[in-house]
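Observations on chain architecture
Each chain is listed here by its residues.
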Amino acid sequence: MDDQTRMMTGLTGLGGLAQGDVGDPDSVRKQQSLGQPQQDIGDILQQIMAITDESLDEAQARKHALNCHRMKPALFNVLCEIKEKTVLSIRGVQEEDPPDPQIMRLDNMLLAEGVSGPEKGGGSAAAAAAAAAAGGSPTDSSIEHSDYRAKLAQIRQIYHSELEKYEQACSEFTNHVMNLLREQSRTRPISPKEIERMVAIIHRKFSSIQMQLKQSTCEAVMILRSRFLDARRKRRNFNKQATEVLNEYFYSHLSNPYPSEEAKEELAKKCGITVSQVSNWFGNKRIRYKKNIGKFQEEANLYAVKTAVDAANVSAQASQANSPATPNSGGYPAPCYTPDGRL
DNA sequence: ATCAATGATTGGCG
DNA sequence: CGCCAATCATTGAT
């Protein structure tokens, strides 16, 4: 076996690895002329490439031998450097993503809702006390508030326990991977930077999971808010006197039941409700009256009589109490008054 | 449990 | 923006 064939077998053993450098016939020739250390490297590389063809025991033994080789640290350093260059050039682009605006928004909202951040009020008792203290009306709103707060506290608790779980899992997993990589760094070239990058990747993955948690927490809070803020869910019927005032106005202006802004304010004040509630009431009343005039006939007569009586009382003494005729005409279909209450 | 009454909301229109 | 019409969600009576 002359030098030429030895060189060829050496080359085929190296396969596609590092063509540019090791595969260069010149450098091989140089190595051979330089003597023992370079020859060692050639042998080692050959052994490495052959390792997969051997039995497990053999491979294990060879691995051990390689591990103990005096050139191993230097070789690994070089390999690490090469890896660093190639890997960095490939994926160095997507490093350091800026703080996601989406997650910032979620964070801000959770903070604003008091889900994340410092607990304000300790236990549920404190929350209830705070609710009681906050409410202007003693029973009505504070009960709903405490209910709301209880639900919010529930969400908050779930959020925190989940968050803790995620964080724990993340650090556990990170530790595991780091240990694994450190372990492996004895048998394959792994640079500290690589470990760092891996950790960063893991953290990114976990933070995306965290974002999902935050997202769903935000949704839960929104739903809770809408449930409690939606006035339909805490509707109270107006008191008798209020509906009386409203009905009086409605039936005495049946021809044009559209109170002006000032009239609405007046009614609102009289009834102890808001102007928009007055508007709602008239909107509902108009449409419902129109839809089924018959059903409201009785009511119409009642209030017609009532207003007539009032009018009579006002213009009382001196004059005569005259006809209780309904004061309507035009626009709306006039419900004609009949003594027995029928159309 | 069921259902009409009722206050509030929503979407469309002018 | 105010109104109408349809609809929702709760109340209160049965």
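Residues numbered from 1 in each chain as written. Chains lettered and ligands numbered in written order. Predicted model: local features only at pLDDT ≥ 70, side-chain atom pairs only at ≥ 80, totals over all residues. Heavy atoms only, no water.

As for helix 12 (residues 275–291)
Put simply, the test is: Secondary structure elements follow DSSP: runs of H or I of four or more residues count as helices, runs of E of two or more count as strands, with numbering from the N terminus. Working rule for helices: expected span equals 1.5 Å times residues minus one. Only protein chains enter the accessibility calculation, which uses a 1.4 Å probe. A residue is then buried if its area is under 20% of the maximum for its type, exposed if over 50%, and partly exposed in between. Think of the arc as the fan of directions from the helix axis to the C-beta atoms.
In this model, helix 12 (17 residues) spans 24 Å end to end at C-alpha, consistent with the 24 Å of a helix rising 1.5 Å per residue. For helix 12, the full list of buried residues reads V278, W281, F282, K285, R286 and Y289. For helix 12, the angular spread of the buried residues around the axis is 125°, confining them to a single face.

Section: the packing of helix 10 (residues 240–252) against helix 11 (residues 261–271)
Under the convention used in this document: Axis angles are defined between N-to-C directions and span 0 to 180 degrees, where every axis is a line fitted to C-alpha atoms and, for a helix, only to the segment in contact. Just so you know how the angles are binned, under 35 degrees is roughly parallel, over 145 roughly antiparallel, 65 to 115 roughly perpendicular, and the rest oblique. Less than a right angle of anticlockwise turn of the near helix away from the far helix marks a crossing as left-handed, whereas a clockwise turn marks it as right-handed. Every residue pair with non-hydrogen atoms within 4.5 Å of one another is taken to be in contact.
Contact geometry for helix 10 and helix 11: axes closest at 9 Å, N-to-C directions at 155°. What the angle tells us is that helix 10 and helix 11 run roughly antiparallel. Pair helix 10 / helix 11 crosses with right-handed handedness. On the side of helix 10, the interface is formed by Q241, A242, V245, L246 and Y249, while helix 11 contributes A263, L267, K270 and C271.

With respect to the pattern of salt bridges
The criterion, for reference: Salt bridges are defined by distance alone: a side-chain nitrogen of Lys or Arg within 4 Å of a carboxyl oxygen of Asp or Glu.
Taken as a whole and judged by the stated rule, the model has 4 salt bridges. A salt bridge links K214 to D107, with the shortest nitrogen-to-oxygen separation between them at 2.8 Å. One end of the pair, K214, is in helix 9 (residues 192–229); the other, D107, is in helix 6 (residues 101–112), with 107 residues separating them in the sequence. By relative accessible area, K214 is classed as buried at 8%. The closest approach of N and O atoms between R186 and E183, which form a salt bridge, is 3.6 Å. On the accessibility criterion, E183 (48% relative accessible area) is partly exposed.

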